[in-house]
Amino acid sequence: MKLTDIGTVKQLMGENAFKKKFGQNFLISPAVPEKIAQCGAEEGVLEIGPGIGTLTEALCRRAGKVVCVEIDADLIPILSVTLEGFDNVTVINGDIMKMNIDEIIGKYFGDAERISVCANLPYYITSPVIMKLLQEGRRFSSITVMVQKEVAQRLCAGAGSRMYGAISAAVSYYGRAKKMFDVPAGCFMPKPKVDSAVVKIEMYDKPPVDCEPDVLFEVIRGAFAQRRKTFFNSLSSVVEDLPRTAIAEIIASSGYDGNVRGEELSLKDFACIASKISDFRSRRGESS
Ligand code: SAM
């Protein structure tokens, strides 16, 4: 069965069967799933949102074990037909946002050395899914995702660039993101309004900066909370337990001008400020 054939997709799904609320845009270009699988398949692969199994097939041909999580219960019987030729795949009906990633890894991948994520992500939850995978999936060696082109630019952006934001800084704590290739809107059915791109995040074995992650993420959130304000004003709106004078001192003692903006600061800068905030809090704790 050729799953990228429009007739096959329509026959499997039925006319007008695509569910907008699940962000369903299925691949109809045969080269694309092959290219994604080539970029991201490892010994074990977790796929989010297999749809009718187009990318899943390509993954099953390359990986030792593939586990996919699909929210739409109507697709589960379709997947059991389209994937029946593979004995290395497990399909789970569920919402990835409500699942424990470490449990999935432990239960299905056993002692596999390298486990990756490969997915054509539903556009409506791209950032929360990526953050969940980064924060919970300590054992992933890489995460390869197809996302809207603009999101791809944000994931890969460095400090100082127009697209740089909280998600860019957060991703750079866990790994190195690289855009692999663009995918035009015409490669999907139904055709989305915007083009997509595939991004691969190669996960670090250990974080590139040394500070408390919770405080680091508080600082990153603070830096981009109010984009039109200075870093000082924006950070002060989030770090509410420190006096504004202490925040100003921390920024100055880290070598930054009071007018600096969050988008000019790198992960290293955020880590330096986070360490000083942690120090301030522990000194305050000791003296009270
Ligand atoms: N992998 C298929 C392809 O490339 O043709 C389908 C990709 S489509 C963009 C996104 C898929 O994710 C759909 O099958 C949708 O039902 C599923 N999905 C949406 N939200 C989900 C969630 N929270 N958990 C798991 N799957 C979800």
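This structure is a prediction, so every number in the text was calculated from the model and none was measured.

Caption draft 1: The arrangement of the site of the ligand in detail. Of all residues adjacent to the ligand, which total 23 residues, the nearest are Gly 49, Glu 70, Asp 95, Asn 120 and Tyr 124. Within the backbone of Ile 71, one N or O atom sits 3.3 Å away from a nitrogen atom of the ligand. Taking Tyr 124, its side chain carries an N or O atom lying 2.8 Å from a nitrogen atom of the ligand. The fraction of the free accessible surface of the ligand (600 Å²) that becomes covered by protein chains is 99%. Sorting the residues of the shell around the ligand by element identifies strand S1 (26-27) and strand S3 (65-70) as the ones contributing at least two each. Residues of the shell around the ligand, tallied by class, amount to 12 nonpolar, 7 polar and 4 charged.

Caption draft 2: View of the domain arrangement of the chain. If you check the domain split of the chain, you get domain 1 (6-203) and domain 2 (213-287). Centre-to-centre, using C-alpha coordinates, domain 1 lies 34 Å away from domain 2. Overall, the association of domain 1 and domain 2 removes approximately 870 Å² of surface from exposure, summing both partners, and the carbon and sulfur fraction of that is 70%. The three residues of domain 1 that bury the most area against domain 2 are Tyr 164, Ala 166 and Tyr 173, which together make up 51% of that side's buried surface. At the junction of domain 1 with domain 2, the criterion picks out 0 salt bridges. The dominant element in the side of domain 1 that touches domain 2, judged by the number of residues it contributes, is helix H8 (residues 166-174), at 6 residues.

Caption draft 3: Region of the structure containing the pattern of salt bridges. Under the criterion given, the structure shown has 11 salt bridges. Here Asp 182 ties to Lys 179 by a salt bridge, and the two come within 2.8 Å at their closest N and O atoms. Among the residues examined, Asp 182 registers a relative accessible area of 38% and is labelled partly exposed. Looking at Lys 179, the relative accessible area reads 37%, which means it is partly exposed. Here Asp 241 ties to Arg 281 by a salt bridge, and the two come within 2.9 Å at their closest N and O atoms. Here Asp 241 is found in the loop between helix H10 (231-238) and helix H11 (244-253), whereas its partner Arg 281 is found in helix H12 (residues 267-287), with 40 residues between them in sequence. Classification of Arg 281 as partly exposed rests on a relative accessible area of 21%. A network of salt bridges, in which partner residues are shared, links Glu 218, Asp 241, Arg 281 and Arg 284.

Rules of the game
Residues numbered from 1 in each chain as written. Predicted model: local features only at pLDDT ≥ 70, side-chain atom pairs only at ≥ 80, totals over all residues. Heavy atoms only, no water. Near = heavy atom within 4 Å. Polar contact = N/O pair within 3.5 Å; in protein donor to acceptor, adjacent residues only side chain to side chain. Areas by Shrake-Rupley, 256 points an atom, 1.4 Å probe, with all protein chains shown as cover. Helix = DSSP H or I, 4+ residues; strand = E, 2+ residues; numbered from the N terminus. Nonpolar A, V, L, I, M, F, W, Y, C, P; charged D, E, K, R; others polar. Domains from an automatic or database assignment. Buried area = accessible area lost by both parts, 1.4 Å probe. Salt bridge = Lys/Arg side-chain N within 4 Å of Asp/Glu carboxyl O. Buried < 20%, exposed > 50% of the residue type's maximum accessible area, 1.4 Å probe, protein only.

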